[in-house]
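What follows is the residue order along each chain.
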Amino acid sequence: MDHVVVEPDNRSFSRVARALEDEAGGEEWRAELAAELHAVLEPGVAAVRGALMGMATGGLDDGHEPLRAAVAAGVESQVRVDGRRAGVRIRARKTNLRGFANAPKRLNARRGWRHPVFGDTETWVTQIGAPGWFDDPLRRLHARLRSAAARALDNRARRIARRG
């Protein structure tokens, strides 16, 4: 569950990455392309965060950072435009929230997670988060994100071709 990959195709990313390396000032081009791709992925990041923040809560306010807010803060887009692993993805980083590092994964899991009841380590319960909070919005947006990423790569490739 850690991430959903949106890739027009790996060869396109690799071709553009190689062209960027061959260009003078490739670092500037790489930074511009990375910024464009982050912007393309922003609707996906916003949709995932919105789905998470729409999750029902138990109403408990124990003075700690809310779980939803901590997990939402860890949702990010990642862009890699160099090397063999060029590509983009949206991922939810692990949190270090009161020892619950796998919160993003467990909140998305259909089967939930088990933990001891607070104050009674003998009694364990199964808790269900919001299954699909990460996967479902990205599944709905996949085609749109993929085509937007492909357009950004095509635009960049045309700019490189015009320069060269």
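The structure reproduced in this document is the subject of the present report. (Residues numbered from 1 in each chain as written. Predicted model: local features only at pLDDT ≥ 70, side-chain atom pairs only at ≥ 80, totals over all residues. Heavy atoms only, no water.)

Some thoughts on the overall build of the protein chain
Item 1. For the protein chain, the count of helices and strands is five helices and five strands.
Item 2. Beginning at the N terminus, the succession of helices and strands in the protein chain can be written as β-α-α-α-β-β-α-β-β-α.
Item 3. The buried share of the protein chain, reckoned over its 164 residues, is 37%.
Item 4. Intrachain contacts of the protein chain at a sequence separation of at least 6 include 63% that bridge at least 24 residues.
Item 5. For the protein chain, the accessible area works out to roughly 9800 Å², and carbon and sulfur atoms hold 49% of it. (Helix = DSSP H or I, 4+ residues; strand = E, 2+ residues; numbered from the N terminus. Buried < 20%, exposed > 50% of the residue type's maximum accessible area, 1.4 Å probe, protein only. Contact = heavy atoms within 4.5 Å. Areas by Shrake-Rupley, 256 points an atom, 1.4 Å probe, with all protein chains shown as cover.)

Side note on the nonpolar core
Item 1. In this structure, L37, I90, L107 and W133 are the most contacted members of the largest nonpolar core, which totals 34 residues.
Item 2. If near-sequence neighbours (up to four positions away) are discounted, L37 is found in contact with F13, V79, V81, V88, A149 and A152. (Core = buried A, V, L, I, M, F, W, Y, C linked by side-chain atoms within 4.5 Å.)

Side note on the packing of aromatic side chains
Item 1. In the structure shown here, the tally under the stated rule is two aromatic pairs.
Item 2. Between F100 and W113 the ring centres are 5.1 Å apart and the planes differ by 40°, which places this aromatic pair in the tilted class. Placement of the pair is F100 in the loop between β3 (87–92) and α4 (103–108) and W113 in strand β4 (residues 113–117), with a sequence separation of 13 residues.
Item 3. Centre to centre, the rings of W133 and F134 are 5.6 Å apart; their planes meet at 80°, and the pair counts as edge-to-face.
Item 4. Since its relative accessible area comes to 0%, F134 is described here as buried. (Phe/Tyr/Trp six-rings, centres within 6.5 Å; stacked < 30°, edge-to-face > 60°.)

Here we look at the pairing of β3
Item 1. Taken across its six residues, β3 has five buried, putting it largely inside the fold.
Item 2. Looking at chain direction, strand β2 (residues 75–80) and β3 are connected through six bridges and run antiparallel. Residue pairing for β3: S77 is matched across the bridge by I90.
Item 3. Linking two consecutive strands that pair antiparallel, namely β2 and β3, is a turn of six residues; a positive phi of about 80° is found at G83 within it. (Pairing = 2+ DSSP bridges.)

Description of the pattern of salt bridges
Item 1. Taken as a whole and judged by the stated rule, the model has six salt bridges.
Item 2. With a closest N to O distance of 3.6 Å, E76 and R91 form a salt bridge. Of the two residues, E76 sits in strand β2 while R91 sits in strand β3, which places them 15 residues apart along the sequence.
Item 3. Under the relative-accessibility criterion, R91 is labelled buried at 18%.
Item 4. Residues joined in a network through salt bridges with shared partners are E32, E36 and R156. (Salt bridge = Lys/Arg side-chain N within 4 Å of Asp/Glu carboxyl O.)

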